[in-house]
Amino acid sequence: MIDYLEELNSSQLAAVKNIEGPMMVIAGPGSGKTRVLTYRIAHLIKTGIDAFNILALTFTNKAAKEMRNRIETIINNSEAHNLWMGTFHSVFSRILRIEADKINYSPNFTIYDTSDSRNLIKSIIKEMNLDKDYYKPSIIHNRISNLKNNFITPDGYENSPELIQTDKIAKRDAFSKIYYKYNQRCFKAGAMDFDDLLLNTYHLINEFPDILYKYQNKFQYILVDEYQDTNHIQYLIIKKLAALNENICVVGDDAQSIYSFRGADIQNILNFQSDYPDYLTFKLEQNYRSTSNIVCLANSLINHNKKQINKEIWTNNHKGEKTIICKTIDDNEEGRIVSNTISEIQRKEKTLWVDYAVLYRTNAQSRSLEEALRRKNIPYKIYGGLSFYSRKEIKDVLAYCRLCINPDDEEAIKRIINYPARGIGNTTMQKLIITADNLNLSIWDILINIEKYDLKINNGTKQRLEDFTQLINSFIITKDKYDAYELVEKIIKNGGIYHDLFSDKSIEGINRFENVQELLNGIKDFCKNTKENKLDSFMQDVALLTNEDNEKENDKNKVTLMTIHAAKGLEFPYVFVIGMEENLFPSIMTIDSKDGLEEERRLFYVAITRAEKRLFLSYALNRFRWGKYIDCEPSRFLDELDKQLIDFNEIKITKKPTYKKPYKLYTKIKKEASTKSSNLKKIDSIKNNLKYFSNTLNENIMVGQNVQHSRFGNGKVIKIDGEYANQKATIFFKGIGQKILLLKFAKLKIIK
DNA sequence: GTATTATCTAAGTCT
DNA sequence: TAGATAATAC
C-alpha cells in the first residue's frame, strides 16, 4: 500500500486529515488539488467511512474516472466502486432515474442535448408563426437556460415585470409563451434538457422531504471539485444535501473561474462562508507544476484583476526559460511556426508528442493548426469541436435507439420519421405535431392510434406512418431479448440505415459509414464490459458523453489541440497559446464589461498555468475570420505580463512558401468540379492544380509502404488507384483487414 | 414529396 | 467560410 500521507505537504495533509465539518480548500494552479481530493477520499475510506456514504462531484467524467482508479490503487481494494462520483449532471441524472416516478417521469427519460433543445424551440417558434428575426432559437435557448439556472420557472418569469420588460424591449413579447411551451413539450416527450437535470433534482429534494432525507443520510460526506464553477442551483442542491451532516468539502480557485456564461457564480464561495460560519479554510499556494518563470508570469497577469481572494502562489521549482511571444504575419504562418517549433523541440529533447498542447480561445482556430501539423507529419488530436456524438449519422442511429427506450421522444421522431426517406414529409409531420399539441399527447400517442384521429392525410401517407410505427414497435418488442449491440445492429439493418449509408460511395458517405461502424464498436465494448448490457443502460448517459470519454488507445501519444476551457485541470510540459489578439482573446463579446474582461483574464491565467516547462504565446497581424482577412492587434493581456519574463520573437519567422494555400485551392476545385461543367480547359487546369495539391499532401505514398492511420492503426499499402485528388489506396490494417481509403482524407503517416 | 441548386446570414466558451 | 434556408425542377 502507498503511504499516502507521506506524499503530502503540510497544508495538503491538513486538508486531507480534516474529516468532519464544512471546509473550503482554495487551491492555486498546480498545487496538488486533485491529489488532495483523491487522498482525502482514500483517507475517509481508510478511517472506516463506507464508500457508499461519499459523494464526489467533479467537473468532467474523465476526472472522476481517473480519480476512482487512483483511489482504488491507494486503498488497494475495490470498494471505490461504491463511491458516487461524477459530474453534477451525471450524478443527478442517476438520482433522477431512480426517483423518476415522483416527478412523473419514466426512469427511461431522454436527455435533450443543446441541438435537441434548439430544434424544439425552432419548431415552437415556427408553429407560433413568430418573426424569426426577433426569435432566434439560440438566443431563446440561452435565455431559457439562464432562467432555469437562476431558478426561475415560467410562472416565476410571469411574476417579474423586470424580465418581461427586457423581452418586450427586444421585441420578444411571446417569450414566456415559448418558455412555457418548451417545458411542456419536453415533459410530454419524456425528456429533460441539461438544465432540467439540475432543476428537477432541486424540485425532487425540495418537495419530497423523505427523499431528501434518504440522500442526506446516504451522502454523509460530500466533496465538490472546481467549486468556483458551480452555479446557483448546484449550490442550492449541495447545501440541501449537506444540511444534515455538514460534512462538506469544496475545492476551488476563484482565479480560475471561467464558466460564468453557464451561470457559474463566484458568489458561491462567499455564500459558503456565510452558510457555514465555523468552516475551515485551507490554502494550497505552493505550485509544483510550473517553472518559477511561468508562475511569476501568471501572477503578474492575474494581479490586474480586482476581484480576488487574497493568496500568494509561489514555487520552489527552478527558474526555467523565459516565455516567448511571437508575432506572425497571419494565422497560417502562426500554425507553421507552432508546428516547426514543436518538431524542433521534439528532435532536440526527445519528448513525446503528448507533452505538447496548443490552446486557443475558439474552436475555429484549430484549422490552420491542423493543416500545419499534418504537413509536418505530427500526430495530433483535437478535443471539442464537433463531437463524435453530434455527427448527423451518429445522431440518426441514436435517435432510433432513443425511440426504443422512450417512444415519446419528439426530437428523435422528427429526426428519423423520414430517414431513410420513406415519403413522410414536412406537411405530414406538421399535422402530427399540431394534433399532438392540441390534444396534449405525444406524437407517438397519435401514431399508435392513428385510426382514432382525423389527421386529414391520404391513405398512402397513413400506410407509410403505420409502417414506421410498426418498424419502431418491432424494435421495442425485442429490446429486452437482445443485448445493446445486437439490437442496434438490427436497427441499422432493418431500419434501412445500413442500406442508405452503404449505397453512398462518396467520400463523405464512406466516412459516415465508418463512423456508424465505430459507434457499433463502442456499443460492443460496452456490452463486453458490463453485466447490464441492454440498450437501456447504454443509452442512460449517452447524451452526457463527450469526446474525451471515448479516447482510443492509439490516440494516446499525440499533440493536444483544445480550447482553453477544455484544458482546465490539465497540464502539459510545452504549451502554446495562439491567437493572442484583441477581439479574439479577449473575445469581442466581453470587452465592454469589466466582469467579462476579468473573466477573460482568468481564462488566460488558466492557459498560462497549464504549462510545466515552457510557454509560447503568439499573435497574428492578419487573420482569416468570417470569410475574409481582417487586421488584428496584439492582445492587451500581453502588455500586462511582466516584461522581464518574456522574450519577443525568438522564433525566426519562416520564409513564406511560394505555393498557394492548398486548403483554399482544394475547396475551390471541389466546388468547380462539382458543377459538372465540361469546359475542357478548365478541367485541365484543375487537374494540374490537383496534381500539385495531392503531391504536397500525400507525401508520395507508395505500394509496399507501412503507414499509420488515425483510426485503424498501422497497415501496409497494397494498391493505389485513381489520379490526383481521387487517389485511393488499398491498405491492409492488422486486425482490421483491408480498407480502401481516399488519400487526401485518410491523413496517413508514413512509418519508416 | 424529394433532390438539387442558389442565396442568405452569422460568426463563443460547455454539460 | 459554412451552415441553413429558400427556390427550383423533377
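Described in the following lines is the structure provided in the data block.

The rules behind these values
- Residues numbered from 1 in each chain as written.
- Chains lettered and ligands numbered in written order.
- Predicted model: local features only at pLDDT ≥ 70, side-chain atom pairs only at ≥ 80, totals over all residues.
- Heavy atoms only, no water.
- Near = heavy atom within 4 Å.
- Polar contact = N/O pair within 3.5 Å; in protein donor to acceptor, adjacent residues only side chain to side chain.
- Nonpolar A, V, L, I, M, F, W, Y, C, P; charged D, E, K, R; others polar.
- Buried < 20%, exposed > 50% of the residue type's maximum accessible area, 1.4 Å probe, protein only.
- Helix = DSSP H or I, 4+ residues; strand = E, 2+ residues; numbered from the N terminus.
- Phe/Tyr/Trp six-rings, centres within 6.5 Å; stacked < 30°, edge-to-face > 60°.

### Considerations on the protein's contact with DNA strand B
- Near DNA strand B, the surroundings consist of 24 residues, among which R262, R361, N363, T427 and W626 are the closest.
- Near the protein, meaning within 4 Å, the atoms of DNA strand B are sugar or phosphate in a fraction of 43%, with bases accounting for the rest.
- One of the side-chain N or O atoms of H89 is found 3.3 Å from a base oxygen in DNA strand B.
- Here a base nitrogen of DNA strand B sits 2.2 Å away from a polar atom, N or O, in the side chain of R361.
- Looking at the surface near DNA strand B residue by residue, the classes come out as 6 nonpolar, 14 polar and 4 charged.

### Some words on helix α12 (residues 232–242)
- Among the 11 residues in α12, 8 count as buried, and that is most of the element.
- For α12, the complete set of buried residues consists of I233, Q234, Y235, L236, I237, I238, L241 and A242.
- Two to three positions downstream of the cap, the backbone nitrogen of I233 sits 3.2 Å from a side-chain oxygen, assigning the N-cap of α12 to N231.

### Focus on unusual backbone geometry
- Residue P420 follows Y419 across a cis peptide bond; omega there is -10 degrees.
- Note that P420 resides in the loop between α18 (410–416) and α19 (426–439).
- Look at the link from F585 to P586: it is a cis peptide, with omega at 10 degrees.
- Looking at the secondary structure, you find P586 in the loop between β13 (572–577) and α27 (594–608).
- Positive phi outside glycine occurs at N104, with the angle close to 60 degrees.
- For N104, the position within the fold is in the loop between α4 (88–99) and β4 (110–112).

### A few points about the packing of aromatic side chains
- Counting across every chain of the model gives 25 aromatic pairs.
- Look at F272 and Y276: their rings are 4.9 Å apart centre to centre, the planes differ by 50 degrees, and that puts the pair in the tilted class.
- Overall, F272 belongs to the buried group, its relative accessible area being 1%.
- On the accessibility criterion, Y276 (5% relative accessible area) is buried.
- Centroid distance F272 to Y279: 5.9 Å. Interplanar angle 85 degrees. Geometry classified as edge-to-face.
- Ring pairs connect the aromatic residues Y227, F272, Y276 and Y279, which therefore count as one cluster.

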